[in-house]
Amino acid sequence: MGAYLGYLLAGLGGGAVVASLALGLVLTWRTSRVVNFSHAAMGTYLAFATFEFRDRGDLVLPVAGIPARIHLLPTPTLAASLVFAVILSAAVGAAVFWLVFRPLRRAHPLARVVASLGLYLYFSEITRLRFPTAGATAVTRYPVLPEHTVKVWGTGVSANRLWLAVLVMAATAGLATVFARTRFGLATRAAAGNEKAAVLAGVSPDRVGLVNWMVASVLAGLAVLLIEPIAGLDPATTSLLVVPALAAALAGGLASFWVTTLAGLSIGMVQSLILGWAVRPDTNWIPSWIPVTGLQQAVPLAVVLAALAWRGDPLPTRGAVLEGELPASPEPRRVTLWAAAGTAAGVAGLFTFSAPYRQALIVSLIAVVLSLSIVVITGYVGQISLAQLAFAGVAGFTAVDLAADGLSFLPAVVVAVAVATLVGVAVGVPALRVRGMSLAVATMALAVAIEQLVLGSEALSGGAGGRSVPRPYLLGVDVGISAPGADNFRPAFGLVALAAAVGSAVLVANLRRRPTGLRWLAVRANERAAAAAGIDVARVKLGAFALSSALAGLAGALTAFATTALSTSSFMVVGSLVALAMTYLTGIAGVTGAVLAGLLAQSGLVTVLGRGGTAGGGGDHTFLVSGLALVVMAVVAPEGLTGLVRRGWDRLSARPAGVGGRSAVTSAVATDGEVER
Amino acid sequence: MATPGVGALLSVEELSVRYGGLAALSEVSFTVGEGELVGLIGPNGAGKTTCIDALTGFQASAGGHVRFAGAVIDDLAPHERAGLGFVRTFQSLDLFDDLTVAQNLEVAAGARSARPGLADRFRGRRPADTAEHLEEVIDLVGLGSIARRRPGELSHGERHRVALGRALAARPRLVLLDEPASGLDPAETSALGVLLTALAARGTAVLLVDHDMSLVMGTCERVHVLDHGLLIASGTPAEVRADPGVREAYLGAGGAR
């Protein structure tokens, strides 16, 4: 019993950090109606920047393209470093609010989700680039809090855990008091509840937002700073601390500071307890094939699901001045023609390209299928899923597992796709009660849990080395990706990937045309009106979840056979974020966008062409660029690249309908457009 | 229960709705017959929209029953009620902004028509009878010239016609119109009156909820009056006009037009 108490108390440290991050999430939600997925990633950058300041007296700027660092002080003290941390955190929080989320206040929830995912990628990547030693984890560097052992009921625990818990409780008490008692708290609540009314009442939503974002950012920075002596710092895992924090914030209904803090502390303590169970030989009843980190990651997922089930949808998005719309979804035209052209181009590429370009083309073709799965569920039906790559991973490892048992290529892929579809529908059923931001949160928690619990299981994924993939034969023909000898990235496999990509694109394009697609768009536009028009909204959503996860599964199975050894790293959560990001950038509400997203994918055709054929390099800035592009696009052009082009084209071709403000030049060009038409 | 006119298509039996402790609707009973044109009026806050929401399944009722075409539909979801031919519009119109006008109608028509085969669905073909029906509705409501435009580009009156067209596209046996004349000019309102009369003559029952007294009194065969969640009067327009309780609750306050 004493041992368990020890684990529970030790978990207070992690729990306090989760709670502190969650408090920031509650603050930013109450201010800007945005679930800030980048919260922990921001905190990670802030902590690293503070360490750098302590070490060298340098301010490391989080902005790409300008001088990376400014020297401020020769030998900063600890106190100076803490002051620095607070000021920098506040500044970054203010900048993020002012530049990103303030302009997005009236945008569709998807635009806000996408912007926060973009910031997540951006801050993760800038941390990795600016602090090259960031990968070195678990180095105790700056114990700010005392670390002597304290006895609690006879059980020893490091004092810093208790200090963290006390500090986060103090912060909670402070926030709760400010929100309940002061004019500022009242103003925040007014601004969040009804922005228009708040404006009429003389409250400035901008000023309120600015202060709240600064406070939230300081909480995030200090949380990561203080957890470092306990858990070490690793940009990737620390950024994902946002998942348990989201769980805690949801448990508090994204409103109650006290419930949020208690939930955060509890999550940390339960996770610590699970670790305790797993490492103690006398209490080790957890089967060895279940990965411990996976079980720990299942805790936030359970909390998210329980919170959503208990509270229903806690994130109503009404009350904003005007809820923006999703990008328009044009009807696909000339599907057969485009399919034929795509097939011809693909075949030509596969048989004329040299190996690196062939590889890039195959990567792109698979990415097209994955992007199509996002177009269906998010672009057409408006449901934000961050678990697409988790579905792909389930299918990928299922396919490999079946193939290893002797099943041939085609049946293995079919069964794997079916399994992914079932998982997708299983996710879709609870998702029926949830929409918008809540769904994004739930699917992200799910993706992390699948990544750690299912894909992290050695029995399924073969651990760090991955699983070797048997050679695929289609109807007796060898369609393996590589051949013994020099001939790598064989066109035979490329043709399979091409068939999958073109087939999926034609399927989605044709379904998008009536009547299925009309129902999708009707549900996306207005669920209430869709139900009134006789549409079974639940059925439409489940159907879309099924199709979307099937496509993701197909992409996953192809990914599996496109390698000789498949490892979990192909299906990380970040990949889902990047895929959503890319698809959003190119145009999430259309097949064209999915095709472009595939071409632009990491290690895909465009990036490899850009590098002149050299496969994957160290200086790959895909995440940084796509993160930044995502934020910019979400703010200035939510309809994506294809939407921008189409809007431009429409403006050029529809001459008389132009709504003023056209220059002589565009008028002249418009005449040409007329002829083309 | 007395069912005046033709056999009752919709029969509302002691329907109650509560918001917390507040009784928004208290044991309201009335009927609508096949092809009948019935009005439901009442001052602001009388419970008209609550009544519509409860009838169409968008609001849980606290008691009573709703019968449609002989069957109790209390447990049916909104889309299932629509599937039976009990279709509503919204005061806020709630059009599908991503779809063209024709597609707005088509999606409602498709929801009730026979399911297309897999091959048709894949090729994006629509059943022939649906196309015919859609053209009919488009002609009836007068959407021909704007069929390919999107709701966002239309005038207020046109948007109202699209909302009505979408409801009719679902082949209703009873269409429940929530303030279809709000914001319309007198000419548009009188055209709406003519259209509703024509609909009823073709066998589609109409339950009309509106503020415009001249529209309701001029087109409806029977009128029910709600006040504070209670049904305070029912009868022909003339009877309702003459009812002193109605005068006090509604006409007296709002001015008899």
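Look up: the structure comes first, before these words.
All figures in this text were calculated on a predicted structure; none of them were measured in a lab.

The rules behind each value
Residues numbered from 1 in each chain as written. Chains lettered and ligands numbered in written order. Predicted model: local features only at pLDDT ≥ 70, side-chain atom pairs only at ≥ 80, totals over all residues. Heavy atoms only, no water. Helix = DSSP H or I, 4+ residues; strand = E, 2+ residues; numbered from the N terminus. Buried < 20%, exposed > 50% of the residue type's maximum accessible area, 1.4 Å probe, protein only. Contact = heavy atoms within 4.5 Å. Areas by Shrake-Rupley, 256 points an atom, 1.4 Å probe, with all protein chains shown as cover. Pairing = 2+ DSSP bridges. Axes fitted to C-alpha atoms, helices over the stretch in contact; angles between N-to-C directions. Salt bridge = Lys/Arg side-chain N within 4 Å of Asp/Glu carboxyl O. Buried area = accessible area lost by both parts, 1.4 Å probe. Nonpolar A, V, L, I, M, F, W, Y, C, P; charged D, E, K, R; others polar. Parallel < 35°, antiparallel > 145°, perpendicular 65-115°, else oblique. Left-handed = near helix turned anticlockwise from the far one by under 90°. Expected span 1.5 Å × (residues − 1). Arc of directions from axis to C-beta.

A. Geometry of the overall build of chain B. Of the regular secondary structure elements, chain B holds 10 helices and 10 strands. For chain B, the proportion of its 257 residues judged to be buried stands at 52%. Expressed as a percentage of contacts within chain B between residues at least 6 apart in sequence, the contacts between residues at least 24 apart total 69%. Carbon together with sulfur atoms contributes 51% to the accessible area of chain B, which is approximately 10700 Å² in total.

B. Representation of the sheet that holds strand β6 (residues 86-88) of chain B within the structure. All names here are of chain B. Spatially, the 6 strands line up as an open sheet ordered β6-β7-β8-β3-β9-β10, and their pairing is mixed. Of all strands in the sheet, those with a lone pairing partner are β6 and β10 (230-235), marking the two edges. Along the sheet, successive strands turn relative to each other by an average axial angle of 15 degrees, direction set aside.

C. Representation of the pattern of salt bridges in the model. Under the definition given, this model contains 13 salt bridges over all chains. The salt bridge partner of Asp206(A) is Arg102(A), with a shortest N-O separation of 4.0 Å. Of this pair, Asp206(A) sits in helix α8 (residues 205-231) while Arg102(A) sits in the loop between α3 (78-101) and α4 (109-130), and the two are 104 residues apart along the sequence. One salt bridge in this structure joins Glu36(B) and Arg222(B), with 2.6 Å as the shortest N-O distance. Here Glu36(B) is found in the loop between β2 (22-33) and β3 (37-41), whereas its partner Arg222(B) is found in strand β9 (residues 222-227), with 186 residues between them in sequence. A relative accessible area of 6% means that Glu36(B) is categorised as buried. A single network of salt bridges, built from pairs that share partners, joins Asp53(B), Arg88(B) and Asp178(B).

D. Examining the environment of Ala307(A) more closely. Within the secondary structure layout, Ala307(A) lies in helix α12 (residues 292-311). When the C-alpha atoms of Ala307(A) and Gly428(A) are compared, they prove to be 17 Å apart, with 121 residues separating the residues in sequence.

E. The interface of chain A and chain B, seen in detail. Each partner contributes to the interface: chain A provides 26 residues, whereas chain B provides 26 residues. Across the interface of chain A and chain B, roughly 2600 Å² is buried in total on both sides, 57% from carbon and sulfur atoms. Across the pair Arg524(A) and Asp98(B) runs a salt bridge, and its minimum N-O distance is 3.1 Å. Counting residues per element, the ones that place at least two in the side of chain A that touches chain B are α19 (491-512), α20 (516-525) and α21 (527-532) of chain A. The leading source of residues in the side of chain A that touches chain B is α20(A), at 7 residues. Looking at the side of chain A that touches chain B residue by residue, the class counts come to 14 nonpolar, 4 polar and 8 charged.

F. Quick look at the pairing of β10(B). All names here are of chain B. Note that β9 and β10 share 5 bridges and pair antiparallel. Paired with His224 across the bridge in β10 is Ser234. Counting the residues between successive antiparallel strands, the hairpin from β9 to β10 contains 2 residues, one of them, His228, with a positive phi of roughly 50 degrees.

G. Quick look at the packing of helix α14 (residues 355-380) of chain A against α19(A). Residue and element names in this part refer to chain A. Where α14 meets α19, the closest approach of the two axes is 9 Å, and the angle between their N-to-C directions is 20 degrees. As judged from the angle between their axes, α14 and α19 are roughly parallel. Crossing hand, α14 versus α19: left-handed. The residues of α19 that touch α14, namely those facing Arg358, Ile362, Leu365, Val368, Val369, Leu372, Val376 and Tyr380, are Pro491, Phe493, Gly494, Ala497, Leu498, Ala500, Ala501, Ser504, Ala505, Val508 and Arg512. Tallied by class, residues from the contact of α14 with α19 come to 15 nonpolar, 2 polar and 2 charged.

H. Molecular detail of helix α13 (residues 335-352) of chain A. Residue and element names in this part refer to chain A. Helix length check: α13, at 18 residues, gives a terminal C-alpha distance of 25 Å against a target of 26 Å (1.5 Å per residue), a fit within 8%. Three or more residues of α13 are buried, namely Val335, Ala339, Gly346, Gly349 and Leu350. With its buried residues spanning 100 degrees around the axis, α13 presents them on a single face. Along α13, exposed side chains directed more than 90 degrees from the buried face belong to Thr336, Leu337, Ala345, Phe351 and Thr352.

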